[in-house]
Amino acid sequence: MIRISGVNIPENKYTLFALTKIFGIGKSRAKQICLKFNINDKIKIKNLNFKQIEYIREYISNLLVEGDLRREIKLNIKRLIDIKCYRGLRHRNKLPVRGQRTKTNARTSKGPRKIIKKL
């Protein structure tokens with residue numbers, strides 16, 4: 001198993017999809033990394049040579065990923081809650097933040113409800 005940024009990368013997956021296991025790297029950024037180092041994204045991780053893996057590891061170490069990114073996101077949400085802006089209030093009440101409707105579709109964000117039986 002290859003370890004990059006504290007994450008075990010599965011060796012039997014294609015490079016493009018294996019890199020997305022790292023928090024903060026999606027398909028587009030993984031594709032950019034593959035293009036930058038001339039790595040075919042259809043090659044499995046176990047078929048990469050040591051030099052290519054080191055290039056990827058070094059490049060990702062300069063990006064904001066995993067724990068640092070999670071910490072920054074939490075601090076941003078905490079800042080919104082502390083200044084008591086509208087988005088912060090929505091976060092605090094565990095409601096949808098970005099304008100989604102709550103009458104019908106916000107079941108997961110609103111949490112469990114008490115069921116009132118009609119007499």
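Residues numbered from 1 in each chain as written. Predicted model: local features only at pLDDT ≥ 70, side-chain atom pairs only at ≥ 80, totals over all residues. Heavy atoms only, no water.

Teacher, can you tell me more about unusual backbone geometry here?
One can expect most non-glycine residues to show negative phi and most peptide bonds to be in trans. Not every positive phi belongs to a glycine, and Asn38 is a case in point at roughly 55 degrees. If you trace the backbone, Asn38 turns up in the loop between helix H2 (27-36) and helix H3 (50-61). Residue Lys84 is not a glycine yet carries a positive backbone phi of 55 degrees. Counting through the fold element by element, Lys84 comes out in the loop between helix H4 (66-82) and helix H5 (86-92). Overall, the relative accessible area of 59% leaves Lys84 in the exposed class. (Helix = DSSP H or I, 4+ residues; strand = E, 2+ residues; numbered from the N terminus. Buried < 20%, exposed > 50% of the residue type's maximum accessible area, 1.4 Å probe, protein only.)

What should I look at first to understand H4 in this one?
Helical periodicity: at 3.6 residues per turn, an α-helix aligns residues three or four positions apart in one direction. For H4, which comprises 17 residues, the first-to-last C-alpha distance of 24 Å matches the rise-based estimate of 24 Å (1.5 Å per residue) to within 8%. Looking at H4, one finds that the buried residues are Glu66, Leu69 and Leu80. Here the buried residues of H4 occupy an arc of 80 degrees about the axis, which is enough to place them on one side. Residues Lys74, Leu75 and Asp82 are exposed on H4 and point more than 90 degrees away from its buried face. Structurally, H4 contributes buried residues whose contacts are with strand E2 (7-9) and H5. (Expected span 1.5 Å × (residues − 1). Arc of directions from axis to C-beta. Contact = heavy atoms within 4.5 Å.)

It is not clear to me how the side chain of Asp41 should be interpreted in this structure. Could you clarify?
Locating Asp41 in the fold gives a position in the loop between H2 and H3. Non-local contacts of Asp41, meaning those with residues more than four positions away in its chain, are made with Tyr14, Thr15, Leu16, Lys31 and Cys34.

Explain the nonpolar core to me, please; I cannot follow it from the model alone.
Within the largest apolar cluster, 20 residues are counted, with the highest numbers of intra-cluster contacts made by Ile4, Ile9, Leu19, Ile22, Ile25, Ile56 and Ile60. Of all the secondary-structure elements, those providing two or more residues to this core are strand E1 (2-4), E2, helix H1 (15-18), H2 and H3. Residues contacting Ile56, with those up to four places away along its chain left out, are Ile4, Leu19, Ile33, Phe37, Ile39 and Leu48. (Core = buried A, V, L, I, M, F, W, Y, C linked by side-chain atoms within 4.5 Å.)

Would you mind going over H2 with me for this structure?
Within H2, burial applies to Ala30, Ile33 and Cys34. Within H2, the buried residues cover an arc of 100 degrees as seen down the axis, which keeps them to one side. H2 presents Ser28, Leu35 and Lys36 as exposed residues on the side facing more than 90 degrees away from its buried surface. Looking at the packing, one finds that the buried side of H2 touches H1 and H3. Looking one or two residues beyond H2, the residue adopting positive phi is Asn38, at roughly 55 degrees.

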